[in-house]
Amino acid sequence: SGFNERCAQCSEVNWGLTDGGRFYCRSCHNVTERTREVVNTDFITNSRVQKISKGLRKQKKTDGGCEWYVCEAFQLVLKKQAEALEALGVCPQMKDGILYNFWRCYLQKSKQAYCNRPSGETGKALSVCESSTDVESEPERPSFLHLLSLSESEGDLQTDCSFASSMSKVSESTSVYSGSVDGSLYLMKNQKEKLRMTMPMTLSFCYMALLWSREPITLSELLRFVAEGHIPYLNVFQHFPEKMNLCGVDLKIFCVESWPVYEEVYNKMLELAAFLDLPRFPEITDSCFLHPDMLCIKYLMEANLPDELHIWTCRVVKKIGIGEVDFLTLVPGNKSTRKVKYDILAAAVIVVVLKLLFLLDDHYEWLLSDFAEERNKNNKEGGLYFEFKKWYKVVKHSLDVEQKKLDEERAKYLWRCEKPLFYSVKNKSKVLKRRQMVVSLQSQFGKLSGSVQRAEKPNPSSFQLSWSEENTDGSCFHGHSLKGILQEKRGLLTAMNPDYWLCTVKLCNEKLCGHLAHYREVDFPQSYHFVLRLFSFLLRIQPSYIHDEVCMIEHKLFNKKLYKKLKYNTVLRK
Amino acid sequence: SSHEHKLNFTKSKEVCLSYIQDAMLQKQWKRAAEFLTSYVEALEKDYSREPIGPSEMIWRIGTEILCHHSHSSMREFNCFIEQMKTLGIKRYLKVCLEHVFHLLCNGQTDEAYQNLSLAESWRFGEQAAIQDKEMKLIRAYRGLLDYHSWSKQKNILLEHGLDGFADLSVEQEMHSSFRKAAVNLKEIIKIPGVWDLFVKCYVDLLEFYGDHNEAHQVLNEYAYNSKFPANPNAHVYLYQFLKRHGESKKSLVSALKILHDIAPSHELMIDFNTMLQKSKKRKKRRLGLEVIFAALDYAGWKENAKAWSCLARQVKQIVISDKHLDWIKQEWNCRKDWWPAFHFSRYLAKRNWQENKSLSYEKALVAGILLGKDCKYFKYVSHQGCKAQVKRFRMLKKFVNRHNPVYLRICS
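What you see is a predicted model, and the numbers here were worked out from it, not measured in a lab.

1. Regarding the overall build of chain B
Reasoning step 1: In terms of regular secondary structure, chain B is built from 23 helices and 0 strands.
Reasoning step 2: Viewed in the frame of its principal axes, chain B has a C-alpha envelope of about 85 × 75 × 40 Å.
Reasoning step 3: Burial status across chain B gives 48% buried among its 412 residues.
Reasoning step 4: Summarising the internal contacts of chain B: among those between residues at least 6 apart in sequence, 61% fall at separations of at least 24.
Reasoning step 5: A total accessible area of about 21300 Å² is found for chain B, and carbon and sulfur atoms account for 51% of it.

2. Some remarks on the overall build of chain A
Reasoning step 1: Looking only at helices and strands, one finds 21 helices and 5 strands in chain A.
Reasoning step 2: When the 574 residues of chain A are sorted by exposure, 50% land in the buried category.
Reasoning step 3: By sequence separation, contacts in chain A at least 24 residues apart represent 73% of the contacts at least 6 residues apart.
Reasoning step 4: Entry remark: accessible area of chain A is about 28900 Å², with carbon and sulfur atoms responsible for 51%.

3. Quick look at the UniProt feature "domain: Rrn7/TAF1B C-terminal cyclin" (unreviewed entry) in chain A
Reasoning step 1: Under the UniProt annotation, the feature "domain: Rrn7/TAF1B C-terminal cyclin" (unreviewed entry) is placed at residues 258-448 of chain A.
Reasoning step 2: In residues 258-448 of chain A, helix accounts for 61% and strand for 0%; the two terminal C-alpha atoms are 29 Å from one another.

4. So, the interface of chain A and chain B
Reasoning step 1: Listed per partner, the contact involves 35 residues of chain A and 40 residues of chain B.
Reasoning step 2: With a shortest N-O distance of 2.6 Å, Glu 44 of chain B and Arg 435 of chain A are connected by a salt bridge.
Reasoning step 3: Applying the counting criterion to the chain A and chain B interface returns 18 residue pairs in polar contact (both at pLDDT 80 or more).
Reasoning step 4: Listed by contribution, the elements that provide at least two residues to the side of chain A that touches chain B are α10 (262-275), α16 (388-411) and α17 (428-447) of chain A.
Reasoning step 5: Here the side of chain A that touches chain B takes 10 residues from α17 of chain A, the largest share from any one element.
Reasoning step 6: The residue makeup of the side of chain A that touches chain B, split by class, is 14 nonpolar, 10 polar and 11 charged.

5. Focus on the nonpolar core
Reasoning step 1: Grouped together as the largest cluster of nonpolar side chains are 143 residues, with contacts concentrated most on Tyr 106, Phe 205, Phe 254, Leu 357, Phe 358 and Phe 535 of chain A.
Reasoning step 2: With 14 residues, the single largest contributor to this core is helix α14 (residues 342-358) of chain A.
Reasoning step 3: Summarising the domain contributions, this core has at least three residues from each of domain 2 (68-112 + 194-278) and domain 3 (315-405 + 464-559) of chain A.
Reasoning step 4: Those residues in contact with Phe 254 of chain A that sit more than four places away from it in its chain are Trp 68, Val 70, Ala 73, Phe 74, Met 199, Phe 237, Phe 240 and Leu 246 of chain A.
Reasoning step 5: Formed by 90 residues, the second largest nonpolar core is a distinct cluster that contains Val 203, Cys 310, Val 319 and Ile 410 of chain B.

6. Remarks on the packing of helix α7 (residues 199-212) of chain A against helix α8 (residues 219-227) of chain A
Residue and element names in this part refer to chain A.
Reasoning step 1: Contact pair α7 / α8: the axes reach a minimum separation of 11 Å and the direction vectors enclose 135 degrees. On the basis of the axis angle, α7 is oblique to α8. For the crossing formed where α7 meets α8, the hand is right-handed. Mapping the contact onto sequence places Leu 203, Cys 206, Tyr 207 and Leu 210 in α7 and Leu 219, Leu 222, Leu 223 and Val 226 in α8.
Reasoning step 2: Grouping the amino acids of the contact of α7 with α8 by side-chain chemistry returns 8 nonpolar, no polar and no charged.

7. What to know about the state of the cysteines
Residues and elements named next belong to chain A.
Reasoning step 1: Enumeration over the complete set of coordinates arrives at 0 disulfides over all chains.
Reasoning step 2: Lacking any disulfide linkage, Cys 288 is separated from the closest cysteine sulfur, that of Cys 91, by 13 Å.
Reasoning step 3: Residue classification places Cys 288 among the buried residues on the basis of a relative accessible area of 10%.

8. Examining helix α13 (residues 249-262) of chain B
Residue and element names in this part refer to chain B.
Reasoning step 1: Taking 1.5 Å as the rise per residue, α13 with 14 residues should run 20 Å; its terminal C-alpha atoms sit 20 Å apart, in good agreement.
Reasoning step 2: Among all positions of α13, only Leu 252, Val 253, Ala 255, Leu 256, Leu 259 and His 260 are buried. Each buried residue of α13 sits inside an arc of 165 degrees when the element is viewed along its axis, so together they form one side.
Reasoning step 3: On its buried face, α13 is in contact with α11 (212-224), α12 (232-244), α14 (269-277) and α15 (282-295).

9. Describing the environment of Gly 446 of chain A
Reasoning step 1: Summarising the element assignment, Gly 446 of chain A is placed in helix α17.
Reasoning step 2: Excluding anything up to four places from it in sequence, Gly 446 of chain A contacts Leu 441 of chain A together with Thr 37 of chain B.

10. Thoughts on the packing of aromatic side chains
Reasoning step 1: This structure, assessed with the given rule, holds 54 aromatic pairs over all chains.
Reasoning step 2: Measuring from ring centre to ring centre gives 5.7 Å for Phe 240 of chain A and Phe 254 of chain A, while their planes differ by 85 degrees; the resulting arrangement is edge-to-face. Taken together, the positions of Phe 240 of chain A in the loop between α8 and α9 (250-254) and Phe 254 of chain A in helix α9 put the pair 14 residues apart, joining distant regions of the chain.
Reasoning step 3: Classification of Phe 240 of chain A as buried rests on a relative accessible area of 5%.
Reasoning step 4: Owing to a relative accessible area of 0%, Phe 254 of chain A belongs among the buried residues under this scheme.
Reasoning step 5: Considering the side-chain rings of Trp 150 of chain B and Phe 208 of chain B, the 5.2 Å spacing of their centres and the 85 degrees angle between planes classify their relative orientation as edge-to-face. With Trp 150 of chain B in helix α8 (residues 132-163) and Phe 208 of chain B in helix α10 (residues 196-208), the pair connects residues that are 58 residues apart, well separated along the chain.
Reasoning step 6: Through successive ring pairs, a cluster of aromatic residues spans Phe 358, Trp 366, Phe 386, Phe 388, Trp 391, Tyr 392, Phe 477 and Phe 530 of chain A.
Reasoning step 7: Note that Lys 316 of chain B overlies the ring of Phe 399 of chain B, its terminal NZ or CZ placed 5.5 Å from the centroid.

11. Notes on the pattern of salt bridges
Reasoning step 1: In this structure the tally under the stated criterion is 43 salt bridges over all chains.
Reasoning step 2: Two residues, Glu 271 of chain A and Lys 268 of chain A, come together in a salt bridge whose shortest N-O distance is 3.7 Å. Residue Glu 271 of chain A and its partner Lys 268 of chain A are both found in helix α10; the two are separated by 3 residues, about one turn of the helix.
Reasoning step 3: Relative accessible area serves as the criterion here: at 22%, Lys 268 of chain A is assigned to the partly exposed category.
Reasoning step 4: Between Lys 405 of chain A and Glu 402 of chain A there is a salt bridge; the shortest N-O distance is 3.3 Å. In this pair, Lys 405 of chain A and Glu 402 of chain A are both assigned in helix α16, 3 residues apart and thus about one turn of the helix distant.
Reasoning step 5: Salt bridges sharing common partners tie together Glu 56, Arg 60, Arg 91 and Glu 98 of chain B.

12. What about the confidence of the model for chain B?
Reasoning step 1: When pLDDT is averaged along chain B, the result is 90, and 96% of the positions lie at 70 or above.
Reasoning step 2: Reported confidence for the predicted complex is 0.74 by ipTM and 0.74 by pTM.

13. What to know about helix α16 (residues 305-321) of chain B
Residue and element names in this part refer to chain B.
Reasoning step 1: Counted at 1.5 Å a residue, the expected span for α16 with its 17 residues is 24 Å, and the 24 Å between its end C-alpha atoms agrees.
Reasoning step 2: Taken residue by residue, α16 has Ala 307, Trp 308, Ser 309, Cys 310, Leu 311, Ala 312, Gln 314, Val 315, Ile 318 and Val 319 as its buried positions.
Reasoning step 3: Between a side-chain oxygen at the N-terminus of α16 and the backbone nitrogen of Lys 306 the separation is 3.1 Å; the capping residue is Asn 304.
Reasoning step 4: Directly after α16, the chain includes Asp 322, whose backbone phi takes a positive value near 60 degrees.

14. Regarding the packing of helix α19 (residues 346-355) of chain B against helix α21 (residues 376-387) of chain B
When two helices pack together, you describe them by how their axes are tilted relative to each other and by the distance separating the axes.
Residue and element names in this part refer to chain B.
Reasoning step 1: At their nearest, the axes of α19 and α21 sit 8 Å apart, and the two run at 30 degrees to each other. Considering the angle they form, α19 stands roughly parallel to α21. Crossing hand, α19 versus α21: right-handed. Where α19 approaches α21, its residues Arg 346, Leu 348, Ala 349, Lys 350, Asn 352 and Trp 353 are matched on the opposing element by Lys 376, Tyr 377, Tyr 380, Val 381, Gln 384 and Gly 385.
Reasoning step 2: Grouping the amino acids of the contact of α19 with α21 by side-chain chemistry returns 6 nonpolar, 3 polar and 3 charged.

15. Details of the side chain of Ser 345 of chain B
Residues and elements named next belong to chain B.
Reasoning step 1: Position of Ser 345 among the secondary structure elements: in the loop between α18 (339-343) and α19.
Reasoning step 2: By relative accessible area, which is 18% here, Ser 345 ends up buried.
Reasoning step 3: If we skip the residues at most four places from it in the chain, Ser 345 touches Pro 340 and Tyr 377.

16. Some words on a nonpolar patch on the surface
Reasoning step 1: Among the surface-exposed residues, Met 294, Ile 297, Met 301 and Phe 463 of chain A lie close enough to one another that they form a single nonpolar patch of about 300 Å² accessible area.
Reasoning step 2: Inspection of the secondary structure puts Met 294 of chain A in helix α11 (residues 292-302).

What counts and what doesn't
Residues numbered from 1 in each chain as written. Chains lettered and ligands numbered in written order. Predicted model: local features only at pLDDT ≥ 70, side-chain atom pairs only at ≥ 80, totals over all residues. Heavy atoms only, no water. Helix = DSSP H or I, 4+ residues; strand = E, 2+ residues; numbered from the N terminus. Buried < 20%, exposed > 50% of the residue type's maximum accessible area, 1.4 Å probe, protein only. Contact = heavy atoms within 4.5 Å. Areas by Shrake-Rupley, 256 points an atom, 1.4 Å probe, with all protein chains shown as cover. UniProt positions renumbered as here; feature names shortened; annotations may be inferred. Salt bridge = Lys/Arg side-chain N within 4 Å of Asp/Glu carboxyl O. Polar contact = N/O pair within 3.5 Å; in protein donor to acceptor, adjacent residues only side chain to side chain. Nonpolar A, V, L, I, M, F, W, Y, C, P; charged D, E, K, R; others polar. Core = buried A, V, L, I, M, F, W, Y, C linked by side-chain atoms within 4.5 Å. Domains from an automatic or database assignment. Axes fitted to C-alpha atoms, helices over the stretch in contact; angles between N-to-C directions. Parallel < 35°, antiparallel > 145°, perpendicular 65-115°, else oblique. Left-handed = near helix turned anticlockwise from the far one by under 90°. Disulfide = S-S within 2.5 Å. Expected span 1.5 Å × (residues − 1). Arc of directions from axis to C-beta. Phe/Tyr/Trp six-rings, centres within 6.5 Å; stacked < 30°, edge-to-face > 60°. Lys NZ or Arg CZ within 6 Å of the ring centre and 35° of its normal. pLDDT = per-residue confidence, 0-100. Patch = residues over 30% accessible without salt bridge, like charges linked within 9 Å, V, L, I, M, F, W, Y side chains within 5 Å.

What follows is the structure, given as structure tokens:
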């Protein structure tokens with residue numbers, strides 16, 4: 001079916017229609033005698049749209065595909081992502097109980113404003129609601145907790161597609177080509193509905209579910225697993241069933257052309273939580289992985305810093321109250337509290353502690369290191385004193401190596417997959433030809449790459465840098481002592497360093513410019529930049545985000561002094 | 001917050017490209033191939049708005065890698081190029097042409113010829129018309145290869161001719177090659193440009209078949225048509241042609257005069273000076289002196305004994321005749337500030353004496369006349385020469401001493 005004959009002149013299959021209704025070859029302009037009536041109307045791209053407007057549903061199309069809605073596809077994506085998380089060790093509860101219910105809740109709430117309804121027609125509630133809950137449909141929105149309390153094994157996520165059939169008729173105004181039934185509607189800007197589903201948002205869903213279940217995965221880790229390919233994201237449509245045909249504007253929705261950014265995913269998650277009217281999240285207490293005291297342990301280990309620093313991070317956390325349950329627990333919709341980014345917060349605490357103990361002004365830390373070195377020479381027995389210089393050398397070397405590897409991997413990253421997508425049937429052959437050529441060239445030059453074979457995905461690991469105390473080369477600093485840089489004052493151990501420099505005296509208004517401060521490498525000491533760079537690598541975010549958190553912590557820590565200073569200034573003016 | 005660090009497809013490929021570039025600059029072909037493998041999927045995205053799209057990048061980079069990589073073969077290269085031809089219709093003929101160059105560089109003349117013929121017969125709507133320039137070049141190179149065939153066939157015939165064995169088919173082929181070559185070569189040299197090789201071949205053909213007029217016409221056009229860029233070779237070819245055909249001294253001189261104007265350091269300046277020195281006309285002899293002085297202004301001529309002997313001969317002749325000393329004076333005027341250090345330093349005297357006695361002899365004569373018998377160069381060389389008891393140096397010493405007043409007159 002369809003005019004798929006090869007052109008007699010140039011063997012291409014690339015036909016167009018002349019005004020006279022004859023077929024002509026676009027490649028060589030050879031005009032045939034075949035006219036339109038002879039050909040099956042499936043060839044014409046508008047035919048699918050005409051079918052939709054007639055309200056045909058669930059009818060198998062002649063090309064063997066089935067009708068599907070964008071939401072079904074996203075549901076599939078979420079399912080795949082959840083399964084991957086489960087494979088990484090996340091408890092099944094997260095997927096079946098929490099994520100599933102979040103999604104249901106979202107569907108219900110968003111369907112209110114989801115599609116254009118001709119006036120007069122009342123929206124039907126989803127059959128999901130009807131069959132599995134006895135909650136009233138609109139305008140009463142069921143509460144999320146109510147949903148949660150219902151049986152959690154209400155069918156597998158995938159088979160619960162029955163909501164699709166009771167969806168209202170799609171408006172006849174669709175004239176945009178898509179494989180899905182409602183792809184074009186999806187992309188139409190509709191002010192009423194703000195939270196239209198996107199690919200990055202699937203990660204927001206995942207993170208939200210992870211946070212709710214207090215799983216030991218931070219957002220930066222989640223995104224790293226995505227980038228490493230352990231969680232489906234790029235080319236996730238490969239997992240869609242054969243019959244689900246993606247084309248036209250579906251590509252805009254499901255074809256990802258960029259990696260999700262921490263800020264984006266995080267902010268969407270907050271929006272989502274508010275949109276779903278979620279209540280206060282389960283509490284983050286000091287036994288939770290996400291609590292700064294716990295995360296600091298992890299990051300201190302990864303940064304190859306002495307365990308003794310943990311006492312200091314705990315002290316800072318306690319002093320400024322960022323270990324409090326109320327501070328750490330997410331309350332959606334509450335605009336007054338600053339939302340917590342657990343990973344960045346913990347990293348920033350460590351940076352502040354390093355500044356407290358070592359000053360990090362490109363001078364003092366090296367001095368301290370020299371003293372420690374002297375002591376280490378003379379002190380043959382007992383533990384080693386921590387030498388900043390040695391630590392810097394060791395960690396910098398590893399960091400440079402890993403960063404270089406990461407940069408190269410990113411440069412070599414393959415975005416396309418074996419299942420190429422094409423916008424329409426028209427450019428299918430072109431896309432397939434291109435794909436063929438790409439595969440052929442990859443094979444040819446791949447052979448010339450020498451022994452370098454594309455390595456298998458590395459096993460997902462929580463630690464990117466690891467240091468072993470068993471190494472005799474002294475490259476592990478976990479057990480080193482901070483004695484050299486501390487002194488006793490009135491029974492308390494304090495830092496020998498009496499000074500501290502603030503990253504910024506005045507914080508910016510985050511709501512106006514998006515940041516608390518504006519980090520420029522040249523404005524700060526190199527040691528400080530190094531430390532930021534280290535955590536920037538571990539968390540895969542820009543140093544400026546960590547810098548923001550450091551500023552925030554510093555302002556809390558030195559609040560009184562700053563306040564005094566301001567007060568003093570105003571007194572002077574008077 | 002801004003997401004300028006957001007890693008997307010486009011940026012990712014840009015970064016990949018910079019890695020390829022670095023690897024290529026450091027001649028790390030394996031590494032370049034590794035990154036190119038990742039880059040090629042850029043073909044699957046539409047870059048139609050960029051000036052240089054991925055398909056052109058891949059063609060050029062891939063070509064470089066395949067040329068230099070130790071494990072790649074011509075077969076692989078050809079296979080790659082065939083794929084590249086299908087990638088960019090707008091570049092089709094250019095790719096064909098460059099492919100042909102590579103084949104020629106690798107001695108695969110037959111394959112090159114086949115490719116040229118194929119390319120010549122290519123039709124693709126209006127594209128062939130748009131790529132008109134490349135098409136002309138393709139025809140021109142085919143003409144060149146036809147000439148090459150003709151040349152081979154001619155040599156075969158000449159050899160066999162000596163044996164008394166005439167091969168009719170080879171002769172027919174030869175004439176056929178001539179016709180094919182002539183048509184295309186004639187066409188390309190009409191276009192203003194530098195077509196040295198094509199002109200030479202075409203002229204060779206014409207001369208063989210006795211069409212001297214046409215050959216002369218072609219060379220004249222090539223040398224004198226102002227639309228063509230100034231090209232010393234054009235004049236050289238014309239000069240050589242005129243010489244071959246025993247043309248008048250006058251025509252030879254006018255051909256070389258222009259060469260002197262545009263390339264005063266050309267090697268033919270020796271011939272030119274020799275010709276001019278012998279002339280009866282004063283103007284010509286004057287020109288000769290100018291020509292040889294100008295040539296020796298160039299560093300590449302410093303140790304050219306022949307050139308120095310020309311100058312020495314002429315200077316000597318002028319000095320002996322005691323006429324036209326003002327010529328020497330005029331030429332020397334603008335050179336007296338820098339020639340002494342440039343040609344006649346003590347260091348050079350020593351070196352010239354050690355390395356090339358004839359050279360030092362000629363130079364010493366010139367130095368002696370221009371700078372007087374007390375100049376460093378002359379003193380050293382003549383002293384060395386007399387010490388070594390070489391006759392001509394003794395003669396030289398006497399000559400310069402005798403004519404020392406000349407120096408004084410030149411100086412004033």
